[in-house]
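The primary structure of each chain is shown beneath.
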Amino acid sequence: MPSLWKRITFSVASALCLGSAVLLVVALSTERWVVGRILCKTGVDIVNASSPELEQFIGDIYYGLFQGGKAKRCGLGERRSKIYIFPNLVQTLNGGLHMMVILFLLVAVGFALVSLSFSIYNARKVPYQSIKGHKGLYLWNFIAALFGALGVLCFLAAVKHHRLTERVANYRENLFVLEVLEDSLDWSFWLGVGSVVTHFAICGVVAMSRIKLPKPEIKKPEEPTISALDLLY
């Protein structure tokens with residue numbers, strides 16, 4: 001049976017592993033990886049809009065790994081539409097890179113759950129193999145952090161170097177050309193980054209479990225000494 005300190009640290013590690021997996025699942029399922037502002041270039045050119053009038057042609061866009069939405073203003077009022085990455089839009093993007101992002105994050109979820117199971121095992125039993133103990137936990141958390149980092153870095157590359165927002169904004173736009181004024185990474189992306197950081201925190205907690213705390217000394221009550229004079233009385 002592990003010591004109380006080991007049970008506490010591995011229980012904390014289990015909670016962090018579960019939290020990391022939840023962060024990735026939420027990141028995968030939400031639509032706020034990127035938010036931005038889009039300008040209806042065609043509408044501006046038609047009316048030759050000047051600087052004060054440009055606000056009437058500026059809309060917004062947001063999207064995640066599977067879907068999103070946009071609101072465009074082309075002089076006919078605001079028109080909102082839903083964006084679905086699969087099955088058609090992904091073919092106009094760098095499909096391989098986009099699939100790699102999803103695959104890397106799913107693998108990271110899997111290894112986060114493996115790390116969770118090993119943390120629970122170490123909180124309940126003393127492992128007889130090193131791969132089931134500290135070394136195994138370091139390995140699984142490193143792999144989970146690695147794949148999570150690869151996922152967010154691939155997505156960052158798609159946004160910055162492959163004009164992902166511009167491609168998503170102009171999908172199925174036959175009459176209008178939309179220009180991306182600005183785009184930024186939103187909270188869904190940072191959830192993925194938070195998951196990576198969590199695995200490094202887990203490694204720190206696992207390292208703390210090896211600290212040997214001093215055991216409290218229990219003082220034995222002193223036995224009364226009986227001398228020869230006491231026996232005479």
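What you are looking at is a predicted structure, and each value in this text was computed from that prediction instead of being measured.

**Remarks on the overall build of the chain**
The number of helices and strands found in the chain is eight helices and five strands. Helices and strands appear in the chain in the N-to-C order α-β-α-β-β-β-α-α-α-α-β-α-α. Across the 233 residues of the chain, 40% fall into the buried class. Only carbon and sulfur atoms are counted for the fraction: they give 64% of the accessible area of the chain, which is about 13,800 Å².

**A short note on the pairing of strand 3 (residues 67-73)**
The element strand 3 is largely enclosed, with a buried count of five among its seven residues. In this sheet, strand 3 lies alongside strand 2 (residues 58-63) in antiparallel orientation, the contact comprising four bridges. Looking at the pairing, Tyr62 lines up with Gly69 of strand 3. Between strand 2 and strand 3, which pair antiparallel and follow one another directly, the connecting turn spans three residues. Sheet topology places strand 3 next to strand 4 (residues 78-84); seven bridges connect them, and they run antiparallel.

**Focus: the confidence of the model for the chain**
Averaged over every residue, the pLDDT of the chain is 86; residues scoring 70 or more account for 88%. When pLDDT is averaged over each element of the chain, helix 7 (residues 187-208) comes out on top at 94 and helix 8 (residues 228-232) at the bottom at 52.

**Points about unusual backbone geometry**
Looking along the chain, the bond that leaves Phe86 and enters Pro87 is cis, with omega of 5 degrees. Mapped onto the secondary structure, Pro87 falls in helix 3 (residues 85-92). If you check the backbone angles, Arg172 has positive phi at about 60 degrees while not being a glycine. Along the chain, Arg172 turns up in the loop between helix 6 (164-169) and strand 5 (178-185).

**Looking at the packing of aromatic side chains**
What the rule picks out here adds up to nine aromatic pairs. Seen from their ring centres, Phe66 and Phe86 are 5.8 Å apart, and the 35 degrees between their planes marks the pair as tilted. Of this pair, Phe66 sits in the loop between strand 2 and strand 3 while Phe86 sits in helix 3, and the two are 20 residues apart along the sequence. Looking at Phe86, the relative accessible area reads 30%, which means it is partly exposed.

**Details of the side chain of Thr9**
Its place among the elements puts Thr9 in helix 1 (residues 4-29). Residue contacts for Thr9: discarding those within four places in its chain leaves Val205, Met208 and Ser209.

**Observations concerning the nonpolar core**
Counting 40 residues, the largest nonpolar core has Trp33, Tyr63, Leu65, Phe155, Leu164 and Val168 as the members making the most contacts within it. Of all the elements in the fold, those that place two or more residues in this core are helix 1, strand 1 (34-40), strand 2, helix 3, helix 4 (95-124), helix 5 (134-161), helix 6 and helix 7. Tallying contributions element by element places helix 4 first for this core, with seven residues. Not counting residues up to four positions away in its chain, the partners in contact with Leu164 are Tyr63, Leu93, Phe155, Ala158 and Val159.

**Side note on the packing of helix 5 against helix 7**
How two helices pack is summed up by the angle between their axes together with the distance between the axes. One can describe the packing of helix 5 onto helix 7 by two numbers: an axis separation of 9 Å at closest approach and a directional angle of 165 degrees. As far as their axial angle goes, helix 7 and helix 5 are roughly antiparallel. Where helix 5 crosses over helix 7, the two elements pack in a sense that is left-handed. When helix 5 is examined against helix 7, the residues His134, Leu137, Tyr138, Asn141, Ala144, Ala145, Gly148, Ala149, Val152 and Phe155 are found in contact with a partner set consisting of Phe189, Gly192, Val193, Val196, His199, Phe200, Ile202, Cys203, Val206 and Ala207. Split into classes, the residues belonging to the contact of helix 5 with helix 7 amount to 15 nonpolar, five polar and no charged.

Conventions used here
- Residues numbered from 1 in each chain as written.
- Predicted model: local features only at pLDDT ≥ 70, side-chain atom pairs only at ≥ 80, totals over all residues.
- Heavy atoms only, no water.
- Helix = DSSP H or I, 4+ residues; strand = E, 2+ residues; numbered from the N terminus.
- Buried < 20%, exposed > 50% of the residue type's maximum accessible area, 1.4 Å probe, protein only.
- Areas by Shrake-Rupley, 256 points an atom, 1.4 Å probe, with all protein chains shown as cover.
- Pairing = 2+ DSSP bridges.
- pLDDT = per-residue confidence, 0-100.
- Phe/Tyr/Trp six-rings, centres within 6.5 Å; stacked < 30°, edge-to-face > 60°.
- Contact = heavy atoms within 4.5 Å.
- Core = buried A, V, L, I, M, F, W, Y, C linked by side-chain atoms within 4.5 Å.
- Axes fitted to C-alpha atoms, helices over the stretch in contact; angles between N-to-C directions.
- Parallel < 35°, antiparallel > 145°, perpendicular 65-115°, else oblique.
- Left-handed = near helix turned anticlockwise from the far one by under 90°.
- Nonpolar A, V, L, I, M, F, W, Y, C, P; charged D, E, K, R; others polar.

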